[in-house]
Amino acid sequence: MTELHILFYIFSIAAIVAGVMVVVAKNSVHSVLFLVFAFFAMAGVWILLNAEFLALILVLVYVGAVMTLFLFVVMMLNLDLEPRKEGFVRLLPFAALILFIVIGLTVMVVGPERFGLTQVPVPAPHLANYSNTADLGSVIYTNYAYPFEVAGMLLLTAIVAAICLTHRPPKNRKVQDVAKQVAVKRDDYVQLVNIPSEKKTT
Amino acid sequence: MNQFIMPIFSVAIPEMFVLSMACIILLVDVFLKERHRIVTYILVQSTLVIAFLITLTQYREYPSPIVTFSGNYVLDKLAVLTKLFVFTVSFFAFIYARNYIKDRNIASGEYFIMGLFAVLGMQVMASAYSFLTIFLGLELNTLPLYTMIAMWKTSRASTEASMKYFVMGALATGLLLYGISLLYGVTGSIEILGISNLMQQAMNQQQLVMVLALVFILAGIIFKFGAVPFHMWVPDVYQGAPTSVTLFISSAPKIAAFAITMRILVEAMPTLTVSWQQVLIAVSILSMFAGNVMAIAQTNIKRMLAYSSIAHIGYTLLGILAGPHSSQGYSAAMFYIATYVIVAAGAFAIIAILSNKEIELDKLDDYRGLNTRNPWLAFMMLLLMFSMAGVPPTVGFFAKLGLLEALVEAHFVWLAALALLFAIIGAYYYLRVVMYMYFEEPKSSVAGAKISMSPGVLAAISVNGIAALILGLLPSGLIDMCRISVA
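Residues numbered from 1 in each chain as written. Chains lettered and ligands numbered in written order. Predicted model: local features only at pLDDT ≥ 70, side-chain atom pairs only at ≥ 80, totals over all residues. Heavy atoms only, no water.

Engineer: Tell me what's going on with the overall build of chain A, and back it up with residues and numbers.
Structural biologist: Check the secondary structure of chain A and you find ten helices and zero strands. Since a compact globule built from 202 residues should have a radius of gyration of about 17 Å, the 30 Å found for chain A marks it as more spread out than a globular shape. Referenced to the eigenvectors of the C-alpha coordinate spread, the extents of chain A come out at roughly 110 × 45 × 25 Å. Counting only residues that meet the buried cut, chain A has 20% of its 202 residues in that class. The long-range fraction of contacts in chain A, counting pairs at least 24 apart against all pairs at least 6 apart in sequence, stands at 58%. Total accessible area on chain A stands at roughly 15900 Å², and carbon and sulfur atoms take up 71% of it. Averaged over its 14 positive side-chain charges, chain A has a centre that lies 17 Å from the centre of its 12 negative ones. (Helix = DSSP H or I, 4+ residues; strand = E, 2+ residues; numbered from the N terminus. Rg over C-alpha atoms; globule rule 2.2 N^0.38 Å. Buried < 20%, exposed > 50% of the residue type's maximum accessible area, 1.4 Å probe, protein only. Contact = heavy atoms within 4.5 Å. Areas by Shrake-Rupley, 256 points an atom, 1.4 Å probe, with all protein chains shown as cover. Lys, Arg positive; Asp, Glu negative; His and termini not counted. Charge placed at Lys NZ, Arg CZ, Asp CG, Glu CD.)

Have a look at this one:
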């Protein structure tokens, strides 16, 4: 067991615990913070795997930008926490069963006897001047140019979708139109009716 | 690292054309005045027509399959034919959508542009030759669909449908990705060709990992198809979505999903044939059973057709599972799905035509006495329902016949008998619609309502309905095309 092993186990256990806490945490702000923690732990694992660039991007983009925005949204929405707990007990057996099957299958199949050093050879050690970033850059615009373009298109679609769902208001939204309010005339709302006065009967 | 070979760009011209046009139309739409919004629609439709023509020339130009873009892209007969179907069906879906969304104040510019993005996603799926492009194509296809459902903002049901579809879709994507990651872990490749080669040399103990990967990948595919046990979203989404979107979801994406299923199961995993055959047998029997039986109990016609689509997907999967042992299994499955989507698009289109500004005519009762209100529409619906039920001489009969032949040839006689039994159960609720239309009086609330449709829509629905008949009388051309494409 080397230092790398110890580091790996620390990061992995942190990621798993954080992942579980995202689901279990009662407060949704806590859930988001645990998700941030899970991202940090995964970034640590990726660095151990020599994927420095991806790890840094994960921290910069996801933790720095995406999750911060997400946190704002969660805080602003002020979610009602009660409905989340509803049906927890009722659905627990099904959830436990599915969890048991998926984890059981994974543990059965993914292990050192199938992914050990006999099946997967040790990757050749990198030279001192090896750069993961340069490697990534050289394949992304050559071998992976087509998926890269499609991914770009996917992001464009997401932007257009988000704008068209939020920007175009539905026609019957109850919102004040200031111009209309200012232009209001008395005759629009007040109608003077001439009622003949009646004589007192008593 | 692999040596980089310059890709043959000319094979991807249809994708490039649709992509460029989508971006151009997006910009044009911004500067259009509200009353000139029809320009967007015309541009989108002409894009589909031109893309169709370009793809058609490719059909003759490239007789043998070409794999390029470093193994991420393939151009073969299956890809070309899938794209041709996708363009045709989407073209019709947009014609039907025009008036429907205008009546409901759905932003028409974005609607058609999102539709075009979805078409691009289906093109990517049809030509995908690595798991990376399959995944990206699938996402590019479904993301616009979620949006198109949610665009009808004044309807609570469609917002709910969109949310449900989105959450369930994310879960299915997660399963698919997990399967792909396992497969990558054991083979070290994400290309269809590479995986199929490596799987043949794989050691015995790695087989188990591959089977687990197969289970996860199949779960993802079955979800996208909407078959049992991942069918829960289908009725809710089909009912809640605007009918114009329902007809789009139920048609073109199914063909693209068929193409990726062929790539994953048949081209990448021929070594695991026995495993996926067993899974598909269970899935198709359950789908045919649940779809046909649940459809009987429905009072909403959109929900009924949703359950019927589950059953039809079950039939399509029968063709795929018979494929390895039968010369015509795959082509029968392709013919089945291609003709089903034509028929399904037509049936949903009639619901969209009958619904007007005030109400959605999606109750089964609303179809009572349709013949007295509009005989031509009723006749079209009759043809479409007969085709779904598999009544000769409509195309549905030949589609089912081809499947049963393939099953018998593959020595699945018991499965063929079961399929026939479920088809008879299914015939009940299709013919019930026909009976309502022809032998009953219209409900008093809708009897006087005028059915208005533009000449374009009338032409489209007529072509659609007649196609169900003509393809049934002369099916050989399309059958041959399907046979060549999956050979």
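There's plenty left to go through after this.
Engineer: With reference to specific residues and values, describe the nonpolar core.
Structural biologist: With 200 residues, the main nonpolar core has Phe248(B), Met269(B) and Trp276(B) as its most contacted residues. The greatest single-element share of this core, amounting to 21 residues, is contributed by helix α14 (residues 329–354) of chain B. Residues contacting Trp276(B), with those up to four places away along its chain left out, are Leu214(B), Leu218(B), Leu265(B), Val266(B), Met269(B), Ile320(B), Leu321(B), Pro324(B) and Tyr330(B). The next biggest cluster of nonpolar side chains, apart from the first, holds eleven residues, and it includes Val32(A), Ala43(A), Leu71(A) and Val74(A). (Core = buried A, V, L, I, M, F, W, Y, C linked by side-chain atoms within 4.5 Å.)

Engineer: Go over the pattern of salt bridges with me, naming the residues and quoting the values.
Structural biologist: One pass over the full model with this rule turns up 13 salt bridges over all chains. The shortest N-O distance in the salt bridge between Asp187(A) and Arg186(A) comes to 3.8 Å. With a relative accessible area of 56%, Arg186(A) lands in the exposed category. Of the charged contacts, one joins Lys363(B) and Asp362(B) as a salt bridge, the two residues approaching to 3.5 Å between their closest N and O atoms. In this structure Asp362(B) comes out as buried when scored by relative accessible area, which is 8%. One network of salt bridges, with partners in common, ties together Glu160(B), Lys164(B), Asp236(B) and Arg303(B). (Salt bridge = Lys/Arg side-chain N within 4 Å of Asp/Glu carboxyl O.)

Engineer: Quick rundown of unusual backbone geometry? Include the residues and the values.
Structural biologist: All names here are of chain B. Between Val-228 and the following residue, Pro-229, the backbone shows a cis peptide bond with an omega angle of 5 degrees. Note the cis peptide between Pro-392 and Pro-393, where omega equals 10 degrees. Mapped onto the elements, Pro-393 comes out in the loop between α16 (375–389) and α17 (395–409). The backbone phi angle of Asn-105 is positive, close to 55 degrees, even though this residue is not glycine. When you line up the elements, Asn-105 lands in the loop between α3 (77–103) and α4 (108–127). For Asn-105, a relative accessible area of 49% puts it in the partly exposed group. The phi dihedral of His-411 falls on the positive side, at around 65 degrees, and the residue is not glycine. Checked against the element boundaries, His-411 lands in the loop between α17 and α18 (413–439).

Engineer: Mind laying out the domain arrangement of chain A, listing which residues take part and the relevant values?
Structural biologist: Splitting chain A by domain gives domain 1 (1–83), domain 2 (87–123) and domain 3 (131–168). Computed from C-alpha coordinates alone, the two centres of domain 2 of chain A and domain 3 of chain A are separated by 31 Å. (Domains from an automatic or database assignment.)

Engineer: Let's hear about the interface of chain A and chain B: which residues, and what values?
Structural biologist: Think of interface size as the accessible area that goes away when the parts come together; that is how it is often given. At the interface, 33 residues of chain A touch 43 residues of chain B. Together, the buried faces of chain A and chain B total about 3500 Å²; carbon and sulfur atoms form 75% of this surface. Inspection of the chain A/chain B interface yields zero salt bridges. Counting across the chain A and chain B interface gives four residue pairs in polar contact (both at pLDDT 80 or more). Elements represented by at least two residues in the side of chain A that touches chain B include exactly α5 (88–109), α6 (112–115), α7 (132–140) and α8 (145–166) of chain A. Here the residues of the side of chain A that touches chain B sort into 21 nonpolar, seven polar and five charged. (Buried area = accessible area lost by both parts, 1.4 Å probe. Polar contact = N/O pair within 3.5 Å; in protein donor to acceptor, adjacent residues only side chain to side chain. Nonpolar A, V, L, I, M, F, W, Y, C, P; charged D, E, K, R; others polar.)

Engineer: Could you give an account of the packing of α14(B) against α16(B), with specific residues and numbers?
Structural biologist: All names here are of chain B. Contact geometry of α14 with α16 gives a least axis separation of 9 Å together with a crossing angle of 145 degrees. Remark: the crossing between α14 and α16 carries left-handed chirality. Residues Tyr-340, Val-343, Ala-344, Gly-346, Ala-347, Ile-350, Ile-353 and Leu-354 of α14 pack against Leu-377, Met-380, Met-381, Leu-384, Met-385, Ser-387 and Met-388 of α16. Taken together, the residues of the contact of α14 with α16 break down into 13 nonpolar, two polar and no charged. (Axes fitted to C-alpha atoms, helices over the stretch in contact; angles between N-to-C directions. Left-handed = near helix turned anticlockwise from the far one by under 90°.)

Engineer: Can you lay out the state of the cysteines for me, pointing to particular residues and giving the numbers?
Structural biologist: In total, this model carries zero disulfides over all chains according to the counting rule given. The thiol of Cys164(A) is unpaired, and the distance to the nearest cysteine sulfur, on Cys23(B), comes to 16 Å. Assessed through its relative accessible area of 4%, Cys164(A) is described here as buried. (Disulfide = S-S within 2.5 Å.)

Engineer: Give a description of the packing of helix α2 (residues 28–48) of chain A against helix α3 (residues 52–77) of chain A that names residues and reports values.
Structural biologist: Working note: a packed helix pair is described by the angle between its axes plus the distance between those axes. Residue and element names in this part refer to chain A. Their axes nearest at 10 Å, the elements α2 and α3 cross at an angle of 175 degrees. When the axes of α2 and α3 are compared, the pair comes out roughly antiparallel. Residues Ser-28, Val-29, Val-32, Leu-33, Leu-35, Val-36, Phe-39, Phe-40, Met-42, Ala-43, Trp-46 and Ile-47 of α2 form the contact with α3, whose participating residues are Leu-54, Ala-55, Leu-58, Val-59, Tyr-62, Val-63, Met-67, Phe-70, Leu-71, Val-74 and Met-75. When its residues are assigned to classes, the contact of α2 with α3 shows 22 nonpolar, one polar and no charged. (Parallel < 35°, antiparallel > 145°, perpendicular 65-115°, else oblique.)

Engineer: Could you give me a rundown of the packing of aromatic side chains, with the residues and numbers involved?
Structural biologist: A full pass over the atoms with the stated rule returns 24 aromatic pairs over all chains. Here the aromatic rings of Phe8(A) and Tyr9(A) are separated by 5.5 Å at their centres, their planes lie at 70 degrees, and the arrangement is edge-to-face. On the basis of relative accessibility, which here comes to 37%, the residue Phe8(A) falls in the partly exposed class. Taken together, a centroid distance of 5.5 Å and an interplanar angle of 40 degrees make the contact between Phe94(B) and Phe248(B) tilted. With Phe94(B) in helix α3 and Phe248(B) in helix α10 (residues 243–249), this pair connects stretches of sequence that are 154 residues apart. Under the relative-accessibility criterion, Phe248(B) is labelled buried at 1%. (Phe/Tyr/Trp six-rings, centres within 6.5 Å; stacked < 30°, edge-to-face > 60°.)

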